[in-house]
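Structural description and commentary
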Amino acid sequence: MTEKTMNKNHINNKIDEVISRYWNIAPKFATDIQIYRALCIVMREILLEKRYNFKQEIDTNQKKQVYYMCMEFLIGKSLKNNLFNLNLENEVSESLKKYNVNLDDLYKIEKDPGLGNGGLGRLAACFLDSLATQNYPVTGFSIKYEFGLFKQKIIEGWQTELPDDWLSTSDIWLVPRTEERVVVNFDGEIKEEWTNEGLIIKHINTTEVEAIPYDVMISGYQSKGVSLLRLWEARSLKSIDMNLFSQGEYIKALSEDSMAEAISKILYPADNHSEGKILRIKQQYFLVSASAQNIVNDHYKKYNTLDNFCDKVAIHINDTHPALIIPELMRIFMDEYFCPWDKAWYMVTNSVSYTNHTVLQEALETLEIETIKTKLPRIYSIIQEINQRFMHDVSNKYSGKMDKANQMSLFSYGKINMANISIVGSHSINGVAKLHSEILKNTIFKNFYEYNPNKFTNITNGITHRRWLNQANPELKNLINDLIGTSYYLNPENLSLLKKYKDNEDVLLKIDEIKYNNKLKLTDYIYKKNNIIVDPDSIFDIQAKRLHEYKRQLLNILRIISIIIDITEGKTDNVLPETFIFAAKAAPSYYRAKEIIHLICTLSDFINANSVIKEYINVVFIENYSVSLAEIIIPAGEISEQISLAGKEASGTGNMKFMLNGALTLGTYDGANIEILEQVGKENFFLFGMQDYEVEKLWRNGYNSVTYYQQNKKIRKIIDFLNKGINGKSFESISKYLLGVESVGDPYMCFADFEDYMNVHYKTSQIYYNNKMKWNQMSLINIASAGIFSSDRTVKEYSKKIWNIEPIE
Ligand SMILES: *Cc1c(COP(=O)(O)O)cnc(C)c1O
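An unreviewed UniProt entry annotates the chain as Alpha-1,4 glucan phosphorylase of Sedimentibacter acidaminivorans. The Catalytic activity (unreviewed entry) comment attached to the chain in UniProt states, word for word, "[(1->4)-alpha-D-glucosyl](n) + phosphate = [(1->4)-alpha-D-glucosyl](n-1) + alpha-D-glucose 1-phosphate". Taken from UniProt, the Cofactor (unreviewed entry) comment for the chain reads in full: "pyridoxal 5'-phosphate".

In structure tokens, the structure reads:
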């Protein structure tokens with residue numbers, strides 16, 4: 001039975017059957033959780049069958065497939081997405097009446113699988129949806145972290161971290177494929193041995209870790225495509241070391257065991273920051289080794305040859321985290337399939353492609369040579385040889401100029417440079433927005449670009465509009481469907497049909513009303529969670545994203561403090577009602593970021609205890625930012641704060657989600673903001689701040705934040721305010737950070753952009769409060785211009801330009 005022929009009675013029969021089979025009870029005794037699980041099992045069965053049929057078509061047509069390697073997939077909740085994509089929401093709603101529950105209650109039971117930190121992992125999840133919808137064959141590979149990204153709880157204004165046990169409900173979507181397990185080897189030494197195949201290399205005395213795959217199916221929207229997300233779990237191969245056990249070392253026998261399994265225990269919680277921890281490196285190798293074995297073995301089983309490997313396989317590494325797949329594939333080709341080096345290298349470089357996600361120095365990965373030598377000796381020897389051969393080629397091309405070659409080496413200062421491996425070992429490297437891709441070519445990868453310009457390209461990020469508009473904002477969806485039909489579901493560029501309503505007052509009022517309703521929903525949520533009453537008639541100004549210095553939540557805060565100062569001084573002529581909403585997780589070890597959260601929470605408490613200030617503005621910090629929370633927050637946004645220091649935000653995707661939901665972007669000339677600006681025109685975008693070259697120039701000339709402090713009275717007052725303390729808490733360390741007592745002050749140049757930021761906000765509120773129809777029109781134009789930022793467009797570009805794959809007819 002497929003989703004097309006399912007009706008309410010079928011679904012009831014299936015649910016009843018699962019309930020009696022799994023729990024041995026009559027359906028009328030089932031709890032909500034049991035009904036939730038039973039429904040998920042029914043959906044899982046449909047998806048399995050659908051995936052099976054899709055795979056049959058891929059296999060019989062011998063189609064090229066893409067394997068998307070990523071340490072993170074932030075997929076969000078599955079039940080709603082699957083019901084929506086299978087077009088079963090109505091049938092299921094009907095069938096649930098029998099059990100006296102409704103779908104919304106069941107949706108609430110599911111916990112977000114938090115298998116990602118932020119934008120990078122969410123991008124990977126959007127890709128799986130868009131690829132399935134367009135019938136492209138894809139398998140995503142990642143790790144089945146037992147604990148995803150921590151749950152954030154604010155206690156006395158500070159972030160605390162709690163474990164996230166997503167498996168307690170979302171395990172239901174995982175299908176174990178125990179029979180496809182593989183073994184991943186660590187430690188040991190390498191030994192050369194003469195055999196019939198000639199000189200071969202063996203990796204001996206290893207620590208073996210078993211990798212067990214669990215599959216999650218992600219259906220396309222009304223398509224036959226189903227994407228597979230394969231998550232690896234680490235298990236100790238021997239459940240207990242009998243040797244140690246019989247020597248009486250029981251505890252040791254157990255702890256060896258748990259070391260192996262630690263590999264899939266937790267997701268590292270730092271976004272845009274690399275620490276080079278040994279466990280993280282083990283996770284990376286575990287992912288790529290298990291996946292590469294899976295890919296090559298499957299290919300060989302199917303075709304009985306590797307000769308056509310790069311005609312049938314595209315392997316994408318999302319950032320450098322899975323870059324070790326390059327030497328790992330070399331190992332498999334040479335040591336297990338006895339390919340000569342040149343053939344193996346040809347197959348690797350013609351199948352692998354790489355996306356860079358950041359130019360931030362602290363995020364570029366380097367691995368300690370010593371660690372790789374001891375943990376992965378064979379991989380180390382392969383990287384050495386890759387480098388030797390590459391250095392040879394480079395110095396040939398530059399006729400012996402060794403300085404050029406040295407700059408491009410895979411090794412420097414005792415470290416292995418992962419970006420360099422990724423470039424050398426792949427046929428394509430792309431940035432994620434136009435500006436970002438230019439910066440890659442002109443700065444951090446300049447030498448590589450000059451060496452091989454054809455490898456470099458741009459593919460601007462996207463989001464799945466079906467989750468971020470159709471599912472997250474049902475009222476807006478209904479309005480759009482009434483106006484232009486539903487063709488935009490599969491052809492997002494058709495959203496532009498909305499433009500013909502830009503002067504239609506009824507439509508503009510309707511957009512206004514929908515926004516208001518979404519604000520009311522968020523207002524309720526804030527009241528429940530924070531016990532704060534915010535004014536839904538005030539403008540909702542939202543900054544929701546990871547907390548990071550470069551994203552400049554602090555610039556937003558400087559403005560808030562400046563408004564507070566104006567109000568307390570009685571200068572309220574230009575103060576208009578405004579609700580500032582923040583949501584952000586900080587990496588647990590990132591003290592500066594946590595301190596900024598503390599400042600936001602303290603300002604929130606301060607304002608809510610002050611009846612005068614509260615009349616004008618409010619500040620709310622909503623805890624535990626996640627996909628599900630984003631789905632509540634974003635439809636209520638009016639101002640989308642995208643205020644990173646120019647040149648630092650590779651693309652951003654939050655900016656696209658807000659735009660799609662009718663928020664107006666107030667942002668810098670950075671990442672995909674620039675492309676949003678191009679789409680909507682500068683009259684529908686609030687641009688401010690320096691451009692990236694101005695930032696560079698100011699930095700080169702020696703940025704001195706103190707001069708801004710001396711010249712700008714507002715900034716002086718803000719610093720005084722921080723020094724005086726808020727609610728008896730001192731924030732002197734933040735003013736020191738801004739003025740540079742211990743190091744360069746204000747490294748992300750909030751002061752340099754402050755004045756411009758204040759001014760652009762003034763323009764914003766003038767339109768909002770004096771010309772709401774104009775605002776609504778700007779909002780409509782933003783929605784109508786968002787089609788190009790659908791990940792449907794993004795994955796089509798990857799498929800054509802990089803992967804060379806076609807949809808299954
Ligand atoms: C989209 C998204 C992000 C990325 O937001 P940016 O503003 O692009 O940094 C991060 N976290 C979650 C939960 C998201 O949905």
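**A short note on the site of the ligand**
If you check the shell around the ligand, you find G118, G119, W468, K545, K551, Y625, S626, V627, G652, T653, G654 and K657 and nothing else. Take K545: an N or O atom from its side chain is 2.7 Å from an oxygen atom of the ligand. Here K551 contributes a side-chain N or O atom positioned 2.8 Å from an oxygen atom of the ligand. For the ligand, whose unbound accessible area comes to 390 Å², protein coverage reaches 95%. When the residues that make up the shell around the ligand are grouped by side-chain class, the tally is three nonpolar, six polar and three charged.

**Looking at the packing of helix α22 (residues 505–530) against helix α34 (residues 772–784)**
Geometry of a packed helix pair, given as the angle between the helix axes and the separation of the axes. Where α22 contacts α34, the two axes come as close as 9 Å, and the packing angle between them is 85°. Here α22 is positioned roughly perpendicular relative to α34, judged by the angle of their axes. Residues E505, V507, L508, L509, I511 and D512 of α22 touch α34, and the partners they reach there are K772, M773, N776, Q777, S779, L780 and I783. When grouped by side-chain class, the residues that make up the contact of α22 with α34 number seven nonpolar, three polar and three charged.

**Digging into the environment of N452**
Take N452: it is sitting in the loop between α19 (446–451) and β17 (456–458). A residue is classified by how much of its surface remains accessible, and N452, at 27% relative accessible area, is partly exposed. N452 sits 203 residues away from N655 along the chain, and the two C-alpha atoms are 32 Å apart.

**Here's the deal with the sheet that holds strand β13 (residues 366–368)**
Strand order in the open sheet made by the three strands is β13-β15-β14, with antiparallel pairing throughout. The two strands at the open ends of the sheet, each matched to only one other strand, are β13 and β14 (411–412). Where β13 meets strand β15 (residues 415–417), three bridges bridge the pair, whose relative direction is antiparallel. In the strand pairing of β15, E368 is matched with K415.

Conventions used here
Residues numbered from 1 in each chain as written. Predicted model: local features only at pLDDT ≥ 70, side-chain atom pairs only at ≥ 80, totals over all residues. Heavy atoms only, no water. UniProt positions renumbered as here; feature names shortened; annotations may be inferred. Near = heavy atom within 4 Å. Polar contact = N/O pair within 3.5 Å; in protein donor to acceptor, adjacent residues only side chain to side chain. Areas by Shrake-Rupley, 256 points an atom, 1.4 Å probe, with all protein chains shown as cover. Nonpolar A, V, L, I, M, F, W, Y, C, P; charged D, E, K, R; others polar. Axes fitted to C-alpha atoms, helices over the stretch in contact; angles between N-to-C directions. Helix = DSSP H or I, 4+ residues; strand = E, 2+ residues; numbered from the N terminus. Parallel < 35°, antiparallel > 145°, perpendicular 65-115°, else oblique. Contact = heavy atoms within 4.5 Å. Buried < 20%, exposed > 50% of the residue type's maximum accessible area, 1.4 Å probe, protein only. Pairing = 2+ DSSP bridges.

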